[in-house]
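# Fold and geometry: a report
Residue-level listing of the chains:
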Amino acid sequence: MNKIVKLLRSTPLSVVVNLLWVYVGFTVARLVFLAVNHVQFHDLSAGRVFALCAAGLRFDTAAILYTNLLYLVLMLLPLHFKEREGYHRAVKWLFVVSNMTAIAANLVDAVYFPYAMRRTTASVFSQFANEDNLWGIFGIELLHNWPLVLLTLAMGFLLWKGYRTPHPDVSDTKRYYAVFSLSLIVAAGVAVVGMRGGVGRDVRPITISNANQYVDRPTEAAVVLNTPFAIYRTLGKKPFVTPRYFTDEAEMEALYSPVHQPREGAVFRPKNVCVLVLESFGKEYIGALNRDLEGGTYKGYTPFLDSLIQKSMVWEYSFANGQQSIDGLPSVLSGIPRFVEPFFLTPASMNRLTSVGGELKKKGYYTAFFHGARNGSMGFQAYSRAVGFDDYFGREDYANDDDFDGKWAIWDEEFLQFFAERISTFRQPFAVGVFTASSHHPFNIPARYESVFKAGTLPIHRCIRYSDHALRRFFETASKQEWFRNTLFVLTADHTNQKEHDIYLTDAGKYSVPVIFYTPDGDLQGHVDAIAQQIDIMPTVLGYLGYDAPFVSFGCNLLDTPAEETFAVNHNNGIYQYFKGDYMLQFDGEKAVALYDFKHDPLLRDNLVGQLPVEERLTLELKAVIQQYMYRMNNDRMTL
């Protein structure tokens, strides 16, 4: 009996019991993550949920051991004098606070996931480094998500009440030191194996990409992973590693090159360029781009944009190259897709870069970029300057906080009027861009419109109606200016947002955004049955103007590329996606993991991997895109 009592009071068993409570907390957080984001995972059976949660234990183990390394050392040090009440009280506080923080991070990601569509990584610290309103927004979110706040506090209480404080036998000194020394050695071995994710020479430390071996589609990787693991594994890591798919550069260049050469005999025409990047304007919200949705009865939430599309050129299959605002701007203006991490949160942000504005500045254009948030927000000001825009106009330049939405930026209606009026003071030709902000979480609109723009089936729908109204007013004002008819307008979204139709919940649908080219003289019109993407905008604009110098952009000139040769590419939770022709290829960096006929199988139910000869060609082309991207990022070759 005495031996049993000593075992129950022993430090090693107490450590195990305490860590088991943390596993409970991580499991509860994962189930909450699934519940909050059930729309994204509505097709998962109970068996699949169990399998994903079971796979997640491998990643939970690594995260829990990383989080508790100091705790393990402090508990298992073979030092006789540490067995004091004050010492153990301090260690208990360390344990509860650190693990409660880890569990809270998982619960926060349950709310943030619909906007990022992946687990948060270490890049989040850079992404929001320049925001001065985060604490206010965070406080509001705590109120909106009070059940998760209560759950976090409950988990902290559980850790505190369930914590087992050991009472080891200190009377036998030799035995004490022997037991603790052996326990520390065993714990060190377990920690190494657990943090690596397995044993054996062939087992490298697992990373976030390893989650994809357990999933049927990349989005499910977020269920397998946990947020602390994703952050730990990306801290200080170099995101861009150049693969060696091709040793023969000529072979790679023959398959794909991002270098655009001017068309022979091109004659430059100095039209103005105006690029509007619309916050969260997913393709799903636009009735004119969903003619067959809901049996042809779907109206959408953008009556003005619908009318503009009738006079514009649009593409049937149009995609974003990322899932966050910080991805969208470089894709739209510089033709740079988002692979692995947002490139200007990495050392590659110091590369020499260019953009639509940067190239046209060489032709004597005046260039400027507008964003209604605080100057420096999201890194847009630094980026726009780095890629060749002369000036930046933000909230400080608007200089009237009566029109501030209280969270992010100046309301769209007022800021787009400011944009139109300021453009009218610029010398021509000019190239300008604006990033709207009001169609953003927490999905508020000005009080005067509360009864005007009715709620839809999702919280964002009313914001989309309001921002569409702001666009109408912008074009009304712009159309009265003398520069209007000599301007090429490009409209797209930075990324998608809340979704409800099954076709937009797929790995393809969640990247579907509009790509719209509008010229008041009617020069560009039509609904093109082909693929387009954000990174096509820069080469298409420059091609349309007859730009006569070479430049680097990862997209293609949509006006000068056969429909069967246009493509789209994005990076989805560690999986590269490549759209071309009728097919979408998913590639994990080493092999194809899925192939879908996305045009005829829009819900992506039939995985054709290994069944069609087109897979080999698509894989080779995607490898060439990836290797070109990584090589150019790592060697500062984003300009010529």
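Now for a description of the structure that goes with this document. Since we're looking at a predicted model, the values are computed, not measured.

## A word on the overall build of the protein
When you go through the protein residue by residue, the secondary structure sums to 21 helices and 14 strands. A compact globule built from 640 residues should have a C-alpha radius of gyration of about 26 Å, and the protein, at 27 Å, falls within 12% of that. Projected onto the principal axes, the alpha-carbon positions of the protein cover approximately 95 × 60 × 50 Å. Sorting the 640 residues of the protein into buried and exposed places 58% on the buried side. For the protein, the share of sequence-separated contacts (at least 6 apart) that also reach a separation of at least 24 residues comes to 74%.

## As for the packing of helix α3 (residues 46–67) against helix α11 (residues 227–234)
For the pair α3 and α11, interaxial distance at closest approach is 8 Å and the crossing angle is 70°. By the angle class used here, α3 and α11 are roughly perpendicular. The handedness of the crossing between α3 and α11 is left-handed. Facing Phe 59, Ala 62, Ala 63, Tyr 66 and Thr 67 of α3, the residues of α11 in contact are Pro 228, Phe 229, Tyr 232 and Arg 233. Split by residue class, the contact of α3 with α11 holds 7 nonpolar, 1 polar and 1 charged.

## Overview of the sheet that holds strand β13 (residues 583–587)
Taken together, the 4 strands give an open sheet; going across it, the order is β11-β12-β13-β14, and neighbouring strands pair in antiparallel fashion. Whereas interior strands pair on both sides, the edge strands pair on one side only; in this sheet they are β11 (567–572) and β14 (592–596). With strand direction ignored, the average angle separating the axes of adjacent strands in the sheet is 15°. Relative to β14, β13 runs antiparallel, the two being bridged by 4 bridges. Each residue of the ladder has a partner; that of Met 584, found in β14, is Tyr 596. Helix α21 (residues 614–634) contacts β11, β12 (575–580), β13 and β14 of the sheet and is inclined by roughly 60° relative to β13.

## Describing empty space enclosed by the protein
Tallied over the full model, the rule gives 7 cavities of 30 Å³ or more. Put simply, the largest cavity is a space of about 70 Å³. Around the largest cavity, the lining residues are Asp 405, Lys 407, Trp 408, Trp 411, Ala 437, Ser 438, His 440, His 441, Pro 442, Phe 443 and Asn 444. Residues of the lining of the largest cavity, tallied by class, amount to 5 nonpolar, 4 polar and 2 charged.

## So, the nonpolar core
Judged by nonpolar contacts, the single largest core of 69 residues is most densely connected at Leu 360, Phe 517, Val 541 and Tyr 629. No other element matches α21, which puts 8 residues into this core. Each residue touching Tyr 629, except ones within four places of it in the same chain, is listed here: Phe 240, Ile 336, Pro 337, Arg 338, Phe 339, Phe 343 and Phe 554. Core analysis: the next-biggest nonpolar cluster, separate from the first, contains 59 residues, Phe 415, Phe 426, Phe 453 and Phe 474 among them.

## Notes on the pairing of strand β4 (residues 366–371)
The buried fraction of β4 is high, at 6 of 6 residues. Judged by which residues are buried, β4 turns out to be covered on both faces: Tyr 366, Ala 368 and Phe 370 on one side and Thr 367, Phe 369 and His 371 on the other are all buried. Pairing of β4 with strand β6 (residues 430–435) involves 6 bridges; the strand directions are parallel. Each residue of the ladder has a partner; that of Tyr 366, found in β6, is Phe 430. The sheet contact formed by β4 and strand β5 (residues 391–393) spans 3 bridges and is parallel.

## Considering the environment of Ser 377
In this fold, Ser 377 is placed in the loop between β4 and α16 (380–386). Overall, Ser 377 belongs to the buried group, its relative accessible area being 3%. Between the C-alpha atom of Ser 377 and that of Val 432, which follows or precedes it by 55 residues, the distance is 18 Å.

## Some details on the pattern of salt bridges
With the rule as written, the count across this model stands at 25 salt bridges. Note that Asp 60 and Arg 30 form a salt bridge whose closest N and O atoms lie 2.7 Å from each other. Residue Asp 60 is located in helix α3, and its partner Arg 30 is located in helix α2 (residues 11–36); the two are separated by 30 residues in the primary sequence. Judged by its relative accessible area of 3%, Arg 30 falls in the buried class. With a shortest N-O distance of 2.7 Å, Glu 450 and Arg 462 are connected by a salt bridge. Here Glu 450 is found in the loop between β6 and α19 (460–478), whereas its partner Arg 462 is found in helix α19, with 12 residues between them in sequence. Owing to a relative accessible area of 39%, Glu 450 belongs among the partly exposed residues under this scheme. If you follow the salt bridges from partner to partner, you end up with Glu 413, Glu 414, Arg 448 and Arg 473 in one network.

## Remarks on the sheet that holds strand β8 (residues 515–518)
Taken in spatial order, the 8 strands of this open sheet run β5-β4-β6-β2-β7-β8-β3-β9, and their pairing is mixed. The strands lining the two open edges of the sheet, one partner per strand, are β5 and β9 (526–533). Neighbour-to-neighbour, the strand axes of the sheet open up by a mean angle of 15°, direction not taken into account. Both strand β2 (residues 272–278) and β6 contribute to a ladder of 5 bridges, which runs parallel. Residue pairing in the sheet places Val 277 in a bridge with Phe 435 of β6. Each of β2, β4, β6 and β7 (487–493) is contacted by helix α14 (residues 325–334), which is oriented at about 160° to β2, the strand it contacts most. Set on the sheet, helix α20 (residues 537–545) makes contact with β2, β7, β8 and β9; between it and β7 the angle comes to about 170°.

## Here's the deal with the packing of aromatic side chains
Counted according to the given criterion, the structure contains 56 aromatic pairs. Taken together, a centroid distance of 6.1 Å and an interplanar angle of 65° make the contact between Tyr 245 and Phe 587 edge-to-face. Taken together, the residues Tyr 245 in the loop between α11 and α12 (249–255) and Phe 587 in strand β13 connect sequence positions 342 residues apart. Here the aromatic rings of Phe 268 and Tyr 365 are separated by 6.1 Å at their centres, their planes lie at 70°, and the arrangement is edge-to-face. Within this pair, whereas Phe 268 is found in the loop between β1 (259–260) and β2, its partner Tyr 365 is found in the loop between α15 (356–361) and β4, the two being separated by 97 residues in sequence. In this pair, the class of Phe 268 matches that of Tyr 365, namely buried. Lying over the aromatic face of Trp 160, Lys 92 brings its terminal NZ or CZ to 3.8 Å of the ring centre.

Calculation criteria
Residues numbered from 1 in each chain as written. Predicted model: local features only at pLDDT ≥ 70, side-chain atom pairs only at ≥ 80, totals over all residues. Heavy atoms only, no water. Helix = DSSP H or I, 4+ residues; strand = E, 2+ residues; numbered from the N terminus. Rg over C-alpha atoms; globule rule 2.2 N^0.38 Å. Buried < 20%, exposed > 50% of the residue type's maximum accessible area, 1.4 Å probe, protein only. Contact = heavy atoms within 4.5 Å. Axes fitted to C-alpha atoms, helices over the stretch in contact; angles between N-to-C directions. Parallel < 35°, antiparallel > 145°, perpendicular 65-115°, else oblique. Left-handed = near helix turned anticlockwise from the far one by under 90°. Nonpolar A, V, L, I, M, F, W, Y, C, P; charged D, E, K, R; others polar. Pairing = 2+ DSSP bridges. 1 Å grid on protein atoms, 1.4 Å probe; cavity = no way out; pocket = protein on both sides within 12 Å on 5 of 7 lines; lining within 4 Å. Points joined across faces, edges and corners; volume = space filled by probe spheres on them. Core = buried A, V, L, I, M, F, W, Y, C linked by side-chain atoms within 4.5 Å. Salt bridge = Lys/Arg side-chain N within 4 Å of Asp/Glu carboxyl O. Phe/Tyr/Trp six-rings, centres within 6.5 Å; stacked < 30°, edge-to-face > 60°. Lys NZ or Arg CZ within 6 Å of the ring centre and 35° of its normal.

Nothing here speaks to function; it is geometry throughout.
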